[in-house]
Amino acid sequence: MGRKVLLDKAHIEGIRYYDVYRKNGGYAAVEKALKMAPGDVVEEVKKSGLRGRGGAGFPTGMKWSFLAKPEGVPRYLVCNADESEPGTFKDRYLMEFLPHLLIEGLIVASWALGSNRTYIYIRGEYAWIVDILEQAIAEANQAGFLGKNILGTGFDCQIYVQRGAGAYICGEETALIESLEGKRGNPRIKPPFPAIKGLYDCPTVVNNVETLAAVVPIMNLGGEEYAKIGVGKSTGTKLISACGNINKPGVYEIDMTQSVEEFIFSDEYCGGIANGKRLKACIPGGSSVPILPANLLLKTAKGEQRMMTYESLADGGFPTGSMMGSGGFIVLDEDQCVVRHTLSLARFYRHESCGQCSPCREGTGWMEKILTKLEYGKGQMSDIDLLWDIQRKIEGNTICPLGDAAAWPVAAAIRHFRDEFEWHVTHPEEAQVRNFGLAHY
Ligand code: NAD
Ligand code: SF4
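Remember, predicted model here, so these are calculated numbers, not experimental data.

Participant: Got a minute to help me understand the side chain of aspartate 82 in this structure?
Facilitator: Considering the arrangement of structural elements, one finds aspartate 82 in the loop between β1 (75-81) and α5 (90-97). Buried charge without a salt bridge: aspartate 82, with arginine 123 as the nearest opposite-charge side chain at an N-O distance of 5.7 Å.

The following block contains the structure:
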């Protein structure tokens with residue numbers, strides 16, 4: 001059984017409400033942090049080895065220490081709750097069932113960074129969670145953990161919830177900032193990073209929901225103790241949202257000592273492949289990371305057992321490795337068609353591209369069109385190479401990571417499942433019959 005430090009109290013009835021949360025040790029991290037100098041709180045987070053849980057895995061303490069502190073200029077903390085990565089729903093779970101854990105983490109982080117106005121930017125579709133968060137914020141205000149002169153320290157902090165309007169790209173931190181400022185959510189060119197020039201051109205830290213929630217156990221345990229959980233540079237625990245053809249889809253907290261095999265097949269986690277089918281492939285970190293076929297998923301290219309850590313999931317890099325990403329674990333059984341899945345992702349990225357850069361704007365559209373031809377039995381062998389060529393021309397040539405995110409799934413699918421793409425060319429009638437009754441093109 002892996003150690004839990006985020007969801008350990010999720011089973012307690014009423015934990016969503018302040019009184020129950022407080023009775024069960026809630027807000028002790030705020031009490032501890034506000035007795036420390038802000039810089040010492042940053043040091044604890046550095047010692048913890050916590051890495052950003054939104055997908056990039058960037059060291060959180062380092063990001064916090066990059067925050068510029070010009071005299072007389074406000075600094076902002078923004079919580080990225082725009083969880084929209086296909087297959088990812090772990091932040092939803094945290095906010096829905098443990099809203100005070102996030103609010104507590106936000107207060108500690110606001111103190112550490114000197115943010116008096118802190119924002120939660122939440123995806124618009126999570127409308128019911130906005131109410132849950134607003135209630136938790138009101139309760140924290142009433143208890144004196146938010147507002148003016150918190151715990152008599154002279155520190156003022158308020159948290160505001162802002163709903164997005166349904167654009168995936170607004171989860172990219174600079175697009176999120178643009179949207180928060182009331183503009184169209186177009187990503188900005190980095191550098192400058194938000195730590196230097198972010199919200200209203202002021203120094204800003206943007207952190208994911210799970211990252212900020214993890215600040216609470218880091219404060220309670222101390223950075224060094226937190227760093228003892230996990231394996232190597234994959235410290236602490238990670239939430240994984242597991243879905244697809246498994247017996248037990250859901251949100252699991254792992255301490256990264258688990259192997260991928262254990263995570264998929266043990267009853268403690270996914271409970272094996274549904275309907276007695278065989279495992280075919282898995283996208284282990286949300287739709288933006290490369291798909292891995294079963295053999296490479298369970299064992300690395302070196303023949304070692306693949307573990308649920310940042311390092312092991314990425315071992316070998318592309319094509320033999322993938323990424324931890326956002327922790328959206330999408331499992332495919334033997335009956336699933338990789339071409340169809342790739343088309344579905346391509347359609348998503350084409351729809352969500354903001355259109356600023358040509359390789360992404362045009363390339364995502366072309367990839368969707370070619371994949372549609374192939375999936376519906378109208379493609380040629382040369383289309384597979386054309387598809388490969390297009391994804392290569394997108395990767396690394398765009399303003400924000402959406403371009404790479406659109407290219408990698410296509411590259412990995414062709415690399416590992418080229419035979420399936422060729423089958424669609426050599427069996428056009430079967431491909432068409434199989435799609436009878438589905439969307440028409
Ligand atoms: P990134 O690697 O560009 O940046 C990581 C973070 O580190 C950013 O906050 C950035 O500002 C900061 N940073 C990096 N170098 C810095 C420097 N020199 N100075 C100051 N700050 C610096 O990645 P990203 O754009 O934040 O995230 C991309 C990831 O997001 C993808 O890998 C994908 O998995 C994930 N993603 C997640 C979701 C979701 O719903 N959770 C949705 C889409 C994408
Ligand atoms: Fe917009 Fe795509 Fe360019 Fe990102 S990569 S800025 S989504 S066009």
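Participant: Explain helix α3 (residues 38-48) to me, please; I cannot follow it from the model alone.
Facilitator: Along α3, the positions that sit buried rather than exposed are Val41, Val42, Glu44, Val45 and Ser48. Viewed end-on, α3 has its buried residues packed into an arc of 155 degrees, placing them on one side of the element. Among the structural elements, α2 (28-33), α4 (60-65), α6 (99-113), α9 (209-221), α10 (223-227) and β6 (234-235) are those in contact with the buried residues of α3. A positive backbone phi angle near 75 degrees is found at glycine 49, which sits one or two residues after α3.

Participant: Whenever I open this one, the nonpolar core confuses me. Can you help?
Facilitator: When a protein is soluble and globular, its nonpolar side chains tend to lie buried together. Formed by 102 residues in total, the largest nonpolar core has its most connected members in Trp64, Ile103 and Ile120. Those residues in contact with isoleucine 103 that lie beyond four places of it in its chain are Tyr27, Ile120, Ala136, Ile137, Ala140, Leu146 and Ile159. In this structure, Ile273, Leu279, Tyr310 and Phe329 belong to the second largest nonpolar core, which totals 25 residues.

Participant: Which parts of the structure should I look at to understand empty space enclosed by the protein?
Facilitator: Per the stated rule, a full pass over the model turns up three cavities of 30 Å³ or more. Lining the largest cavity are 13 residues, and of these Pro187, Cys354, Cys357, Cys360 and Cys400 sit closest to its centre. Its residues assigned to classes, the lining of the largest cavity comprises eight nonpolar, five polar and no charged. Roughly 60 Å³ of volume is contained in the second largest cavity. In this structure, the second largest cavity is lined by Ile283, Val289, Ile291, Val338, His341, Thr342, Leu345, Pro409 and Ala413. At the level of elements, α14 (338-352) and α17 (402-426) are the ones that each hand at least two residues to the lining of the second largest cavity. Sort the elements by how many residues they give to the lining of the second largest cavity and α14 lands first, with four residues. For the lining of the second largest cavity, the residue count by class is seven nonpolar, two polar and no charged.

Participant: Help me understand the site of ligand 2 in this model?
Facilitator: By nearness alone, 13 residues border ligand 2, and Cys354, Gln356, Cys357, Cys360 and Cys400 come closest of all. Under a 2 Å grid-point criterion requiring more than half of the atoms, the pocket assigned to ligand 2 is the largest cavity. Partitioning the shell around ligand 2 into residue classes produces eight nonpolar, five polar and no charged.

Participant: When you look at the confidence of the model for the protein chain in this model, what are you seeing that I'm missing?
Facilitator: Caution is warranted with low-pLDDT regions, since their predicted coordinates should not be read in detail. Confidence in the prediction for the protein chain averages 96 pLDDT; 98% of positions are at 70 or higher. Long-range and interchain partners of residues 437-441, a stretch whose pLDDT sits below 50, account for six contacts in this model, where long-range means more than four residues apart. As scored by the predictor, the complex reaches a pTM of 0.96 and an ipTM of 0.96.

Participant: Got a minute to help me understand the packing of α5 against α6 in this structure?
Facilitator: When two helices pack together, their arrangement is given by the angle between the helix axes and the distance between those axes. Contact geometry of α5 with α6 gives a least axis separation of 4 Å together with a crossing angle of 95 degrees. Taken as axis vectors, α5 and α6 run roughly perpendicular relative to one another. Packed against α5, whose contacting residues are Leu94, Met95, Glu96 and Phe97, the element α6 presents Pro99, Leu101 and Leu102 at the interface.

The rules behind these values
- Residues numbered from 1 in each chain as written.
- Chains lettered and ligands numbered in written order.
- Predicted model: local features only at pLDDT ≥ 70, side-chain atom pairs only at ≥ 80, totals over all residues.
- Heavy atoms only, no water.
- Helix = DSSP H or I, 4+ residues; strand = E, 2+ residues; numbered from the N terminus.
- Buried < 20%, exposed > 50% of the residue type's maximum accessible area, 1.4 Å probe, protein only.
- Lys, Arg positive; Asp, Glu negative; His and termini not counted.
- Salt bridge = Lys/Arg side-chain N within 4 Å of Asp/Glu carboxyl O.
- Arc of directions from axis to C-beta.
- Contact = heavy atoms within 4.5 Å.
- Core = buried A, V, L, I, M, F, W, Y, C linked by side-chain atoms within 4.5 Å.
- 1 Å grid on protein atoms, 1.4 Å probe; cavity = no way out; pocket = protein on both sides within 12 Å on 5 of 7 lines; lining within 4 Å.
- Points joined across faces, edges and corners; volume = space filled by probe spheres on them.
- Nonpolar A, V, L, I, M, F, W, Y, C, P; charged D, E, K, R; others polar.
- Near = heavy atom within 4 Å.
- Sits in = over half its atoms within 2 Å of the grid points.
- pLDDT = per-residue confidence, 0-100.
- Axes fitted to C-alpha atoms, helices over the stretch in contact; angles between N-to-C directions.
- Parallel < 35°, antiparallel > 145°, perpendicular 65-115°, else oblique.

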